[in-house]
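The primary structure of each chain is shown beneath.
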Amino acid sequence: TQLLEQSPQFLSIQEGENLTVYCNSSSVFSSLQWYRQEPGEGPVLLVTVVTGGEVKKLKRLTFQFGDARKDSSLHITAAQPGDTGLYLCAGASGAGSYQLTFGKGTKLSVIP
Amino acid sequence: DAGVIQSPRHEVTEMGQEVTLRCKPISGHNSLFWYRQTMMRGLELLIYFNNNVPIDDSGMPEDRFSAKMPNASFSTLKIQPSEPRDSAVYFCASRVGYAEAFFGQGTRLTVV
C-alpha cells in the first residue's frame, strides 16, 4: 500500500509570513497533485507535477517534485487569509492512472 | 456548467437504516469516482466507473456498500444497513479522459 505522509498536520501563521508544507512517501509516483479544500467544499486541483526535480509556480505558491519522485513540497510566500484551507497531496502510480493515493492533508490557518 | 452535483448535502440517519447518496457528474465526463473522507483515514477511493461501468470497487468497505451508474448523468452510492462508523463526508468526482477530476461539494453523513 502506497502511503503519503503530510507535515505539518496543522499550521497557524500570521498574514505575510512564508511557509512550507511537505508530502513524503517511500514509493515512487508517476505524478503528484496538490489540492486545496475549503470547509464544506470538495478538493480543487492546484497543480500537477510530473518530472523529478520539477518546480511549478502559481502566483505566490511554489510546488516542487523531488528528484526521486517520492516527495514534494508546497511553499507559500506572504500568506494571505484567502490561503486558509486544507492542502492535500495525491500521488498517481501510473501515467494517466485513475488511482490516486491522498495524504491526510495540512490544515492551514492564516490569521489577519 | 454547474459542476458535479451531489445530494443531499447533509444526511443524519439512525443505525440500521438505508442511506442513498446521489451524484450528477459534469456533462460529457466519462469517468466517475466515489470517495470517502474522514479525519482518521483522509480521502479514500471507494469505486471508479468508466463509461458507466464499474472498473475498480476494491475500496468499497464491505457488502453493505453498493454503487450504481445507470446512465452517464447519474450515480448512486447506497449503504444498507448503515452503521455509526460509516459517518464521513462522501465525495463524487468526475473527469473526461485523463484530465483533471472535479469534485462535488460532498455529502456529510452522520449515522447515530
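Predicted model, so just to flag it, every value in this text is computed and none were measured.

Q: What's the story with the overall build of chain A in this structure? I'm lost.
A: For chain A, the count of helices and strands is zero helices and 11 strands. Secondary structure elements in chain A, listed N-terminal to C-terminal, are β-β-β-β-β-β-β-β-β-β-β. In terms of overall dimensions, chain A is globule-like: its C-alpha atoms have a radius of gyration of 13 Å, near the 13 Å expected for 112 residues. Dimensions of chain A, computed from the C-alpha atoms along their principal axes, are close to 40 × 30 × 20 Å.

Q: Got a minute to help me understand the state of the cysteines in this structure?
A: A disulfide bridge is the covalent bond that connects two cysteines by way of their sulfur atoms. In this structure the tally under the stated criterion is two disulfides over all chains. Covalently, Cys23(A) is tied to Cys89(A) through a disulfide, its sulfur atoms 2.0 Å apart. Between Cys23(A) and Cys89(A), the disulfide has an S-S torsion of 80° and is therefore right-handed. Highlighted residues: Cys23(A) in strand β3 (residues 19-24) and Cys89(A) in strand β9 (residues 85-92), separated in sequence by 66 residues. Disulfide partner of Cys23(B): Cys92(B), at an S-S distance of 1.9 Å.

Q: Would you mind going over the environment of Glu18(B) with me for this structure?
A: Residue and element names in this part refer to chain B. In this structure, Glu18 sits in the loop between β2 (10-13) and β3 (19-24). Of the residues examined, Glu18 reaches a relative accessible area of 46% and is grouped as partly exposed. Along the sequence, Glu18 and Glu83 sit 65 residues apart, while their C-alpha atoms lie 9.7 Å from each other. Excluding anything up to four places from it in sequence, Glu18 contacts Lys78, Ile79 and Gln80.

Q: Would you take a moment to explain the packing of aromatic side chains for this structure?
A: For any two aromatic rings, the description comes down to two numbers: the centre-to-centre distance and the angle of the planes. Scanning the model with the defined rule gives nine aromatic pairs over all chains in all. Centroid distance Phe102(A) to Tyr35(B): 5.6 Å. Interplanar angle 85°. Geometry classified as edge-to-face. Taken together, the residues span two chains, with Phe102(A) in strand β10 (residues 100-102) and Tyr35(B) in strand β4 (residues 31-38). Phe102(A) gets classed as buried once you look at its relative accessible area, which sits at 8%. Among the aromatic residues, ring-to-ring pairing joins Tyr35(A), Phe102(A), Phe33(B), Tyr35(B), Tyr48(B), Phe91(B) and Phe103(B) into one connected group.

Q: Would you mind going over the pattern of salt bridges with me for this structure?
A: As a working rule, side chains carrying opposite charge can pair if their charged atoms are close by. Residues and elements named next belong to chain B. Going through the model one piece at a time under the given rule, you end up with 11 salt bridges over all chains. When the shortest N-O distance is used, the salt bridge between Glu83 and Arg85 registers 2.6 Å. Overall, the relative accessible area of 23% leaves Glu83 in the partly exposed class. Looking at Arg85, the relative accessible area reads 55%, which means it is exposed. Sharing partners across several salt bridges, the network here consists of Glu62, Arg64, Glu83, Arg85 and Asp86.

Q: How do you make sense of the sheet that holds strand β7 (residues 65-71) of chain B when you look at a structure like this?
A: Residue and element names in this part refer to chain B. An order of β1-β3-β8-β7 is seen for the four strands of this open sheet, with the pairing classed as antiparallel. In this open sheet, the two edge strands, each paired with only one partner strand, are β1 (5-7) and β7. The average undirected angle you get between the axes of adjacent strands in this sheet is 15°. Relative to strand β8 (residues 74-79), β3 runs antiparallel, the two being bridged by five bridges. Considered in β8, the bridge of Cys23 is made with Ser75.

Q: Please explain the side chain of Ser72(A) as it appears in this structure.
A: Positionally, Ser72(A) belongs in strand β8 (residues 71-76). Sequence-distant contacts of Ser72(A), defined by excluding residues within four places in its chain, comprise Val21(A), Tyr22(A), Cys23(A), Leu32(A), Trp34(A), Gln64(A) and Phe65(A).

Q: What am I meant to see in unusual backbone geometry here?
A: What you tend to see is this: most non-glycine residues have negative phi, and most peptide bonds are trans. Cis rather than trans, the peptide bond between Ser7(A) and Pro8(A) has omega equal to -10°. Residues Gln80(B) and Pro81(B) are joined by a peptide bond in cis, for which omega reads -5°. Despite not being glycine, Lys59(A) shows a phi value in the positive range, around 55°. Along the polypeptide, Lys59(A) turns up in the loop between β6 (55-58) and β7 (61-65). With a relative accessible area of 85%, Lys59(A) lands in the exposed category.

Procedures and definitions
- Residues numbered from 1 in each chain as written.
- Chains lettered and ligands numbered in written order.
- Predicted model: local features only at pLDDT ≥ 70, side-chain atom pairs only at ≥ 80, totals over all residues.
- Heavy atoms only, no water.
- Helix = DSSP H or I, 4+ residues; strand = E, 2+ residues; numbered from the N terminus.
- Rg over C-alpha atoms; globule rule 2.2 N^0.38 Å.
- Disulfide = S-S within 2.5 Å.
- Buried < 20%, exposed > 50% of the residue type's maximum accessible area, 1.4 Å probe, protein only.
- Contact = heavy atoms within 4.5 Å.
- Phe/Tyr/Trp six-rings, centres within 6.5 Å; stacked < 30°, edge-to-face > 60°.
- Salt bridge = Lys/Arg side-chain N within 4 Å of Asp/Glu carboxyl O.
- Pairing = 2+ DSSP bridges.
- Axes fitted to C-alpha atoms, helices over the stretch in contact; angles between N-to-C directions.

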